[in-house]
Amino acid sequence: MDAHHAIDCLDPEKWRNTPADIRLHILKQIQTNIAQHMDELAAADNKVRGISPDDPATRHMAGTAATVSPIASNVAACIDIYNLLIKGQMPQPARIKQVGENLYDVEVAALNLKDKILAGDSKGYLRIEGEPRQVNPLTKEGGIIAVLGAGNYSSSFELIRALFIDNCVVVHKPHPMNAPSDKVWEKILKPLVDHQALSYCEADAGQALITDTRLKKIYFTGGSPTANAIKAAASVELVSECGGNNPCMIVPGDRPWTDKELHHQALHIATFAKLNGGAACGRVQTLVTCRQWPQRRAFLDAVQTAIREETPGVTSYYPGSDTVWAEFREHYPEAKVIQPEGGTLPHSDLLFIEDVEQDSYATQREAFCQVVDEVVLDTTPNAEAFLPAAVAFANAKLHGTLGASILIDEDSKKAHRNVVDQAVTDLKYGAVAVNTMAPYAWLNPFLTWGGNEQGEQVVSGHGNFGNLLSYENVEKSIIETGFMSPSHLLLTNKEVFYTLSEQSARYYAKPSWGGIGAMMMTMVAGKFKRKDF
């Protein structure tokens, strides 16, 4: 369908006047449809990426979590919210704390016991400028939002926010790569289409769509050049998420990290460095270390060993990945080429570049493929000296403002809590993670995901997605776990990773105590399983 006719199919006034109980019924229909079509959806997505769950070499990449869970978890969260709205209640945060002049942290938490248990020790916060204020979704004025889907993931969860939180109808344009899986999403989301709240246009209808004067907003996920072209062509607000070069700051401890801690964090970083073959907007690209930290060499060696020997290879399938990887290699011929599984999996080599200049080719670009670089700061090896310098570097030199992570052992974090808190405040990033990775914020429907920037040019994006509790004036999201949290994603066994991916997707499609039990059993059993690659 072309863009004009797709918009003709929508009835924003009908949706705005649809009562909460009818919307709740639609949400439950969608949840049922997700469970029904989950395998078909995963098969379509896997085919695009050249992956098969029947192939032992790629099985760990064929799970359904990345395809299903983002929309499924947003639908499940909206069901909890609308169960409250039909009673005349707004969902409430866990607590609100003033953290500075005109700054507040709103602690968000799951609205049901099952999800709270599943969250473990993870804590999420919305950093808000000014007195925190929620807006009831049912009172918003509504309109038409165009959602332009991403290429790296086919789960456009932002359309759930647009419909059920922003009170708008949606016309969705898929990325050409994801047109096959979007045909399955059309089946899943058919109740919204039947209600004239959702329509679809063809993947090549972007230009006509963004210039249609009936739109209220445009939601876009993709590259910054495309975002800037949309911004120039459109006459309405563009909310965009465009990736960036995301730092992970390795804070020298007041005491040495134990071998177990070094190993755990190395696995954690290696897992996220390979995420989706590097085609993940929030993945860690730049490690920020301290030259005078006695454990710097041991840390780098542990990370490289984890990449090469302790986590399996992941194919970089995204178009252009090979070209970008080669360009980084050309600029850094001395960089280490690390081959997981002995290089048996095509396009799985990871380029590791040590000690690059602060203002350099590597820091000024988002790789969006399997490249990791290191920037070394020459400071006293403690939190008091290192963290402010790391924050200043990240804010001034790195490309983009999407996500930043801080890793600091529990003893040092406790001793320097004020320094850590100041770093979180000073980091000009849309998501800041302490002892975890920034992409976890993307997976939390109550947090936000997007850049933290102003100005004419789009780099990591303007505005944000998520925020299902509907707070205004959110500056960033903050997520924190323990240094050795069992909730950390560690890709050390293909079969375990695949099974957990399947189980988590099925849980969000149909939340149950049995689903939680199955995941916990898999995680416990996985700790005793050796690598299978």
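See the structure shown above.
Scope of this entry: the structure provided in the associated data block. Computed from a predicted structure; not experimentally measured. (Residues numbered from 1 in each chain as written. Predicted model: local features only at pLDDT ≥ 70, side-chain atom pairs only at ≥ 80, totals over all residues. Heavy atoms only, no water.)

### Points about the layout of surface pockets
Phase 1 of the analysis: For the second largest pocket, the calculated volume is near 510 Å³.
Phase 2 of the analysis: Together, 27 residues line the second largest pocket, and Gly222, Gly223, Ser224, Tyr318 and Phe368 are the ones closest to its centre.
Phase 3 of the analysis: Broken down by secondary-structure element, the contributors of at least two residues to the lining of the second largest pocket are β7 (217–221), α10 (224–233) and α13 (321–331).
Phase 4 of the analysis: Per-element accounting of the lining of the second largest pocket gives the leading share, three residues, to α10.
Phase 5 of the analysis: Each residue belonging to the lining of the second largest pocket can be placed in one class, and the counts come to 12 nonpolar, 13 polar and two charged. (1 Å grid on protein atoms, 1.4 Å probe; cavity = no way out; pocket = protein on both sides within 12 Å on 5 of 7 lines; lining within 4 Å. Points joined across faces, edges and corners; volume = space filled by probe spheres on them. Helix = DSSP H or I, 4+ residues; strand = E, 2+ residues; numbered from the N terminus. Nonpolar A, V, L, I, M, F, W, Y, C, P; charged D, E, K, R; others polar.)

### Observations regarding the sheet that holds β7
Phase 1 of the analysis: Ordered by their spatial adjacency, five strands build an open sheet running β6-β5-β4-β7-β8, and the pairing between neighbours is parallel. Of all strands in the sheet, those with a lone pairing partner are β6 (198–200) and β8 (237–241), marking the two edges. Geometrically, the sheet is characterised by an average inter-axis angle of 20° between neighbouring strands, direction not taken into account.
Phase 2 of the analysis: Sheet topology note: the strand β4 (residues 144–148)/strand β5 (residues 169–173) ladder contains five bridges and is parallel. Counted as the bridge partner of Ile144 is Val169 from β5. (Pairing = 2+ DSSP bridges. Axes fitted to C-alpha atoms, helices over the stretch in contact; angles between N-to-C directions.)

### Comments concerning the packing of aromatic side chains
Note on aromatic pairs: each is described by the distance of the centres and the angle between the planes.
Phase 1 of the analysis: Enumeration according to the criterion identifies 14 aromatic pairs in this entry.
Phase 2 of the analysis: Among the aromatic residues, those joined into a cluster by ring pairs are Trp257, Trp293, Phe299 and Phe483.
Phase 3 of the analysis: Here Arg49 stacks its cationic end above the ring of Tyr317, 5.7 Å away from the centre of that ring. (Phe/Tyr/Trp six-rings, centres within 6.5 Å; stacked < 30°, edge-to-face > 60°. Lys NZ or Arg CZ within 6 Å of the ring centre and 35° of its normal.)

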